[in-house]
Amino acid sequence: MSFFGFGQSVEVEILLNDAESRKRAEHKTEDGKKEKYFLFYDGETVSGKVSLSLKNPNKRLEHQGIKIEFIGQIELYYDRGNHHEFVSLVKDLARPGEITQSQAFDFEFTHVEKPYESYTGQNVKLRYFLRATISRRLNDVVKEMDIVVHTLSTYPELNSSIKMEVGIEDCLHIEFEYNKSKYHLKDVIVGKIYFLLVRIKIKHMEIDIIKRETTGTGPNVYHENDTIAKYEIMDGAPVRGESIPIRLFLAGYELTPTMRDINKKFSVRYYLNLVLIDEEERRYFKQQEVVLWRKGDIVRKSASHQAAVASQRFEGTASLGEVRTPNPLSDNNGRQ
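So, here's what we can say about the structure. Quick caveat, the model's predicted, so the values are computed rather than measured.

### A closer look at the side chain of Thr 258
For step 1, the next point in the chain: On the secondary structure map, Thr 258 appears in the loop between strand E19 (243-249) and strand E20 (259-262).
For step 2, the next point in the chain: Apart from residues no more than four positions distant in its own chain, Thr 258 is found in contact with Val 268, Arg 269, Tyr 270, Val 290, Val 291 and Leu 292.

Below, the structure is given as structure tokens:
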């Protein structure tokens, strides 16, 4: 970034100390494009230097101080004038004075707390960035550099399967089961659907992954539903007693960890939506929330191997014969 003033201009650059070795991660921008940014985790140190290059070596640059900030902030798109900062660290690099030649200033933010995952949604953005500022009497010179933060989790201690019997009285009773209620972002959803009673003509069945973004509080709450994936389970009419397996690989979809009440500003939740369509194009559905989480890099096994292991475990423990109270399905008009 250059500042053109009274005969002098300066270019400001922020350089990380470990730029060559640090991993980069793709992240979606507001306009929907994907760009790569340096990847950080909670507790990691952020260090580097702020480089100032003078364009006119024979002229000096007067300033009112030089500083660098590390900022984590949430921006709600319907309230763009207000940035809600949850991390704000400042390092002064130089006192007021003048610069007569190009130079660099070292900085270090030690063991920085980065409590939330970077996120760009339909109504909200959570970002982390470094901002270098040369204070001037007329116009400040400002340079920003975004980074991406991922939050890692460990395997949940409790991860029970989801079992539910749903139906429409005297027309349809189905039993569905998913092998877990919490999945990491590269996981495989394994399950089965068992038809106990079929008296309507079903022609199609699918499972959708729905992301629900909630922003604001009280009367100013906004909900945005986004269908991330559609997975066809069945094409054709099922019969009583038929069992249909489910195997859905998550790695191919754009997913984030589940985020609940982030800084009291927004939430991101995920749902598995079981959809049945009959021959008259009526839609029946049942939603079930699942929790998504990000695990650290480990020795990778093939996706097919993950699915096979999950399927073996699931089929070994499934008990579809239990008697449970039916849960009503909803039709496309919201009736149950």
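There is more to say, and it comes next.
### Concerning the pattern of salt bridges
For step 1, the next point in the chain: Under the definition given, this model contains 22 salt bridges.
For step 2, the next point in the chain: Among the ionic pairs, Arg 127 bridges to Glu 144, the shortest N-O distance being 3.2 Å. On the criterion of sequence distance, the pair formed by Arg 127 in strand E11 (residues 124-134) and Glu 144 in strand E12 (residues 141-149) is long-range, its members being 17 residues apart.
For step 3, the next point in the chain: For Lys 230, the salt bridge identified is with Asp 208, shortest N-O distance 3.7 Å. With Lys 230 in strand E18 (residues 222-235) and Asp 208 in strand E17 (residues 202-215), this pair connects stretches of sequence that are 22 residues apart.
For step 4, the next point in the chain: Here Asp 208 falls in the buried class, since its relative accessible area comes to 3%.

### Comments concerning the packing of aromatic side chains
The geometry of an aromatic ring pair is captured by two quantities: the separation of the ring centres and the angle between the planes.
For step 1, the next point in the chain: Evaluation of the coordinates by the stated rule reveals 9 aromatic pairs.
For step 2, the next point in the chain: Relative to Phe 266, the ring of Tyr 119 has its centre 5.6 Å away and its plane inclined at 15 degrees; by these criteria the two rings are stacked. Taken together, the residues Tyr 119 in strand E10 (residues 119-120) and Phe 266 in strand E21 (residues 266-278) connect sequence positions 147 residues apart.
For step 3, the next point in the chain: Using a relative accessible area of 1% as the deciding quantity, one classes Tyr 119 as buried.

About the thresholds
- Residues numbered from 1 in each chain as written.
- Predicted model: local features only at pLDDT ≥ 70, side-chain atom pairs only at ≥ 80, totals over all residues.
- Heavy atoms only, no water.
- Helix = DSSP H or I, 4+ residues; strand = E, 2+ residues; numbered from the N terminus.
- Contact = heavy atoms within 4.5 Å.
- Salt bridge = Lys/Arg side-chain N within 4 Å of Asp/Glu carboxyl O.
- Buried < 20%, exposed > 50% of the residue type's maximum accessible area, 1.4 Å probe, protein only.
- Phe/Tyr/Trp six-rings, centres within 6.5 Å; stacked < 30°, edge-to-face > 60°.

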